[in-house]
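Commentary on secondary and tertiary structure
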Amino acid sequence: MGSFLWGMKDAACEAEDVLDLFDYRVLQDKAGDRDKVNSVASAAAGSSCPSTTTITTASTITSSSSGSTAKKSVCGLKRFFFSDEDINELISVMDRFVAIDKQMPTFLKLVKLEDSRPEQTVQWRTTTSMTGSRKFFGRVNEESNLKKLLVQINDESSQPYDVISVLGIAGVGKTALVQRVYNHFHDTCYFDLAVWLHVSDKFDVGRLTKEMAQSDNLSISADLSSISSLDEAQKILRDKLNGKRALIVLDDVWNELSSQSENLCKTLQFACKGSKVIVTTRSKNVASINGATEMMHLHGLEDEDYWGYFSQCAFGDANPSEYPQLENIGRQVVKKLAGSPLAAKTVGGSLKLKLEENHWRAVSGSKLWQIEQKEDDIISAFRLSYEHLPDHLKQCFVHFALFPKKYHFRGDVLVQMWRAHGFLSTEAPDGIAYGYIHDLLQLSFIEKIANQEDQYVVHDLLHDFAESVSNGELFRIEDGFHVCIPRNVRHIYVSASDLPKLFTSLQECKELKKNLRSLIICKAEEGASRGGIASSIFNHVLEETLQQLRNLRVLVLSNLDGILPNNMDKLVHLRYLDIHESGSFMSVSKSLFKLYHLQGLNLQIQEGGIMKKELQEGINMLTQLRYLMAPKEIISGVESIGRLTSLEQLKEYKVKSDMKHHICQLKELNKLEGMLTIKNLQNVRCREESCEAGLDKKEKLNKVTLWWNHLKHSINTDHEGVFEGLQPNSNLRELCVRGYMGINSPSWLSCKYLPSIQYIELLFCHNWKTLPPFGSLPFLRTLKIRHLTTVESVDAGFYGNAAVAFPSLEELLFEGMNLWKGWSNIDCNQQAFPRLRDICIRNCTQLMGPLPLPSFNRMQISVSDLTSEKIISCESENTADVSTSYPVQLSLDRLGLLFGCLPVSILATVHMLDISSYYLEGLSKDQAEWLQQLTSLKELRFTDCLQLRSLPSNMVHLKSLESLYIETCPKLESFPPMGLPLSLKKLSVIRCRKTFSQLCSEINTSNTNTIQQVTVREPIVGNATKRRRTSSQ
């Protein structure tokens, strides 16, 4: 049966290749490469005798099963300009299927016989709360944390119980840890009821409910075995649980139906507050669905703990020190097992059979899956996880085995490879594949790499398992390559230095040439330099290798030396081409642009002038491209990019006046996703032209940047018309407008056309005078207006007509508004800025107050005329205020604006004030009186006030002040004559004059009773160093 199935798969692959070739011929014709196609057609029409003989002979065989219809259909293909070779390949495949059809009755009888055998369901283990005889190693921190979680009372929860999930891959020790903690609490009787339930992959609510009710801790009068009703069992359990603190362990949970877990936990509603449910599972989805409020992720044991456990499994009662050679081998084995206790048990059990060096070396040299396994060993545990995967995830997971252990997979590259191999349907968006990645993450088959965006890694042991289920279709040439490549291999990973070895193997195996679908040529190991062979020889071997691999779908090339093979056009089935870690390319072979099936092209290479021009001229021939990654300078200038109607990513496009780079090239690119920046919009002449970009049809774009280069000559004066024609789709989330040369706003910059917009930035639009009604945008969270140098006022139109203006706005920035003088208040019937958190105004030199700010619960104000960085953020040190409401941060760059910008009605909401000023020597009388109005001020900070000589004289009246922070104020010598407020609890003096610092250290006794903390650091001795002013004005 196995050989028959392999034969069917081979035939199916051949059929796919033939049909794919026919599709290529059609694409070839559409691409305009008619010379070759026409010559083939002429040869077929002018020399029909030999080909007719061939077709007739093959068709005669076919007709015995399918009659003359098939013969006529095949012969009819000549009308479509297919060559004799193409037709003969099709007939050969048809003959194979005829032969398979004849064998099918026998095969079906074997299948029927196999199905008639009783199925033996093997459960790989059943667990209880009892611990084994082996010593427990490690997990000190995890055990301590779990115990703490079990005794914590969550007063904020509406449920009387909390769910704690212990997560990890199969065999990592979840059950053993929970057994240990469970028995601790069982022995101490902290919980009135402690129940251990082994759930497994069949979540039987009735069984589990009865097992809970039958716990030794509960006295049940009824005979539960005679109760068939779940409702009756739950009522009995409810009565017994009432008012009791319970600990329930649900071990090895697979259930992803929330209704089932809710049904099981109904009775726990009657338990006492502080009850706990521990769920052990391999899946984050399961943990979430079962209501986990805490998740504990288990990883492998630490090195010494793991060696202790492994030696116990491998040596048993023997002393490892008596077998130094075996101990050395064992420590090498341990490095491969990634701290997995179950792997230690499996491998250690095999080693324990013979404490002999030859046996241990044999086991050490074996793959994990090659070691004899029992039903409860590591491979069986992984297989259970694998069998629960849907088919589409199984093939994605197995694909990881092609790459070495610890290989870092980029999400976007995975998506392209999976698509190339048909793991995704042709029209499926990339989001479907990212859903696959998410599912594998949730099920613990892969892990996300910390601090690396969109990069993933497979656990070493799962990698071993993926190899075991790959059926030999994946092969890596590594470790010296001393074995033959199996004939059924379809995917190969090889170092650049070993490429000649692969070429030799191809010469010896015809089937390998035909079967191969992936070739990954990775960078040669350090110091290898392509195995020491000359560049010319390497390039020749690569070209000869590709010449023989006509059926490749994926090709990854690294470590190239500036030369692409000239025969790339032979790879007519290629879907994904990745060239990276290569030298500078002087030129590109034109054969690259005949890969008409190519859907993904990743060129991470050093660009050269000639190469850049060749790529920009030729890429438009690859009309099936969905994914294009290359240096931005190349992609933004691709000629006639409008032909790539399947393209899903285009981060930047530079408009020119010629048709090959015209704005209209964007018209049909309606599958674009993510972000798009359109530069050089000064080259668009009128609204009719800008409308041709079709931005309103691009539903999947999240962010659009519209960029005029006002430093270059503009070919039009209808700037407002051009802007009007660039209306984006209503799904847009972020919009950036840079260098717009018009005066007025487009009509579409409103709620009606941009209902979903969340981020807007306008910058360097020097002629734009009147701001749009941004306040009407319901989901706008961030608004940045920078260097609109002709805006003189922000009037009521800015707020729009909604009852609540800016209902979602959290961040507001005005910068470089040189002529801005006034900001009008909102209409008396309106409210504004209910969610505002950050307001920043800088380099608006003519703006005068008051600012139309509503009353906030708390405000923090930062003023700095030193650096722009200073006013962007300021973290308060005050810890006395524990209010849950977030403070509003107001950042300014002028003291003059500070004292006139805030309405008197909101001065009492200011909780923190931070002043940084190069010029400030002290507050004037009016300024000091203004400060006294801050009746809720809790923290006052003076930082980098290099000229400050005195603190406000009336500080004593700041009766809410709790913290005074003074940093780098080298001319400050004393406190105010009236002293400090009695409410002050914290005083910090950093990098100030030594005499002042000493004064702070010896603060008079009248204040020491209230000041709880005095911090003095880094006093300045002698003359203060004058700090260089870094104002951005």
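Let us look at the structure shown here.

How each quantity is defined
- Residues numbered from 1 in each chain as written.
- Predicted model: local features only at pLDDT ≥ 70, side-chain atom pairs only at ≥ 80, totals over all residues.
- Heavy atoms only, no water.
- Helix = DSSP H or I, 4+ residues; strand = E, 2+ residues; numbered from the N terminus.
- Contact = heavy atoms within 4.5 Å.
- Phe/Tyr/Trp six-rings, centres within 6.5 Å; stacked < 30°, edge-to-face > 60°.
- Buried < 20%, exposed > 50% of the residue type's maximum accessible area, 1.4 Å probe, protein only.
- Lys NZ or Arg CZ within 6 Å of the ring centre and 35° of its normal.
- Core = buried A, V, L, I, M, F, W, Y, C linked by side-chain atoms within 4.5 Å.
- Expected span 1.5 Å × (residues − 1).
- Patch = residues over 30% accessible without salt bridge, like charges linked within 9 Å, V, L, I, M, F, W, Y side chains within 5 Å.
- Areas by Shrake-Rupley, 256 points an atom, 1.4 Å probe, with all protein chains shown as cover.
- Salt bridge = Lys/Arg side-chain N within 4 Å of Asp/Glu carboxyl O.
- Lys, Arg positive; Asp, Glu negative; His and termini not counted.
- Charge placed at Lys NZ, Arg CZ, Asp CG, Glu CD.
- Pairing = 2+ DSSP bridges.
- Axes fitted to C-alpha atoms, helices over the stretch in contact; angles between N-to-C directions.

**Comments concerning the overall build of the protein chain**
Helix and strand counts for the protein chain come out as 31 helices and 34 strands. Within the protein chain, counting contacts between residues at least 6 apart in sequence, those at least 24 apart form 70% of the total.

**Details of the packing of aromatic side chains**
Applying the stated criterion across every chain yields a total of 43 aromatic pairs. Their ring planes at 55° and their centres at 5.4 Å tell us that Trp708 and Tyr740 sit as a pair that is tilted. Of this pair, Trp708 sits in the loop between β18 (701-707) and α26 (719-724) while Tyr740 is found in the loop between β19 (734-738) and β20 (759-763), placing the two residues 32 residues apart along the sequence. Residue Trp708 is classed as buried on the basis of its relative accessible area, which comes to 1%. Accessibility expressed as a relative area gives 1% for Tyr740, which makes it buried. Three or more aromatic residues joined by ring pairs make a cluster, and in this case those are Phe382, Tyr386, Phe397, Phe400, Phe403, Tyr407, Phe409, Trp418, Tyr436, Phe445, Phe465 and Tyr493. Just above the ring of Trp307 sits the side chain of Arg331; from NZ or CZ to the centre is 4.2 Å. Over the ring of Tyr965 we find Arg941, and its NZ or CZ is 4.3 Å from the ring centre.

**Describing the nonpolar core**
Ile492, Leu706, Phe774, Phe814, Trp823 and Leu902 are the most contacted members of the largest nonpolar core, which has 157 residues in total. Element by element, the count of residues in this core is highest for helix α28 (residues 895-901), at 5 residues. Apart from the residues lying within four places of it in its own chain, the contact partners of Leu706 are Ile678, Leu681, Leu695, Phe723, Leu726, Leu735, Cys736, Val737, Arg738 and Trp748. The next biggest cluster of nonpolar side chains, apart from the first, holds 91 residues, and it includes Val249, Leu326, Leu389 and Tyr436.

**Let's talk about helix α18 (residues 430-442)**
The end-to-end C-alpha distance of α18, which contains 13 residues, comes to 19 Å, matching closely the 18 Å that a straight helix rising 1.5 Å per residue would cover. Along α18, the positions that sit buried rather than exposed are Asp430, Ala433, Tyr436, Ile437, Leu440, Leu441 and Gln442. Positive phi appears at Ser444, one or two residues downstream of α18, with a value of about 65°.

**Regarding a negative patch on the surface**
Side chains of Glu688, Glu692, Asp718 and Glu720 sit close together on the surface and give a patch of like negative charge. Along the chain, Glu720 falls in helix α26.

**Observations regarding the pattern of salt bridges**
Side chains bearing opposite charge may pair, as long as their charged atoms lie close to each other. Counted under the stated rule, the structure contains 42 salt bridges. Between Asp430 and Arg419 there is a salt bridge, and its shortest N-O distance comes to 2.8 Å. Taken as a pair, Asp430 in helix α18 and Arg419 in helix α17 (residues 411-420) lie far apart in primary sequence, 11 residues in all. Via salt bridges that share partners, Glu16, Asp17, Arg517 and Arg553 belong to a single interconnected network.

**Some remarks on the sheet that holds strand β11 (residues 518-522)**
Strand pairing in a sheet is mediated by backbone hydrogen bonds. Such pairs are either parallel or antiparallel. The strand order across the open sheet built from 7 strands is β9-β10-β11-β12-β13-β14-β15, with neighbouring strands paired in parallel fashion. Looking at strand neighbours, the two that pair on one side only are β9 (474-477) and β15 (627-629), the edges of this open sheet. Across the sheet, the mean angle separating the axes of adjacent strands is 10° when strand polarity is ignored. When strand β13 (residues 576-580) meets strand β14 (residues 600-604), the two strands line up parallel, connected through 5 bridges. Residue pairing in the sheet places Tyr576 in a bridge with Gly600 of β14. Across the sheet, α17 is in contact with β11, β12 (554-558), β13, β14 and β15; its angle to β13 comes to roughly 145°.

**Some words on unusual backbone geometry**
Residue Asn471 is not a glycine yet carries a positive backbone phi of 60°. The residue Asn471 is located in the loop between α19 (460-468) and β9 in this model. Residue classification places Asn471 among the exposed residues on the basis of a relative accessible area of 54%. Unlike most non-glycine residues, Arg991 shows phi in positive territory, near 55°. Its place among the elements puts Arg991 in the loop between β33 (986-990) and α30 (994-1001).

**Here we look at the pairing of strand β24 (residues 811-815)**
Burial of β24 is extensive: 4 of the 5 residues sit out of reach of the surface. Bridge count between strand β21 (residues 782-786) and β24: 5 bridges; the pairing is parallel. Among the inter-strand pairings, Leu783 is bridged to a residue of β24, identified as Leu812. Two strands pair when backbone bridges link them, and β24 and strand β27 (residues 838-842) are joined in this way by 5 bridges, in the parallel orientation. Counterpart to Leu813 in the pairing with β27 is Cys840.

**Some details on the environment of Glu929**
As for its placement among the helices and strands, Glu929 is situated in helix α29 (residues 925-932). Overall, the relative accessible area of 43% leaves Glu929 in the partly exposed class. Counting along the chain gives 23 residues from Glu929 to Pro952, while the straight-line C-alpha distance between them is 9.4 Å.

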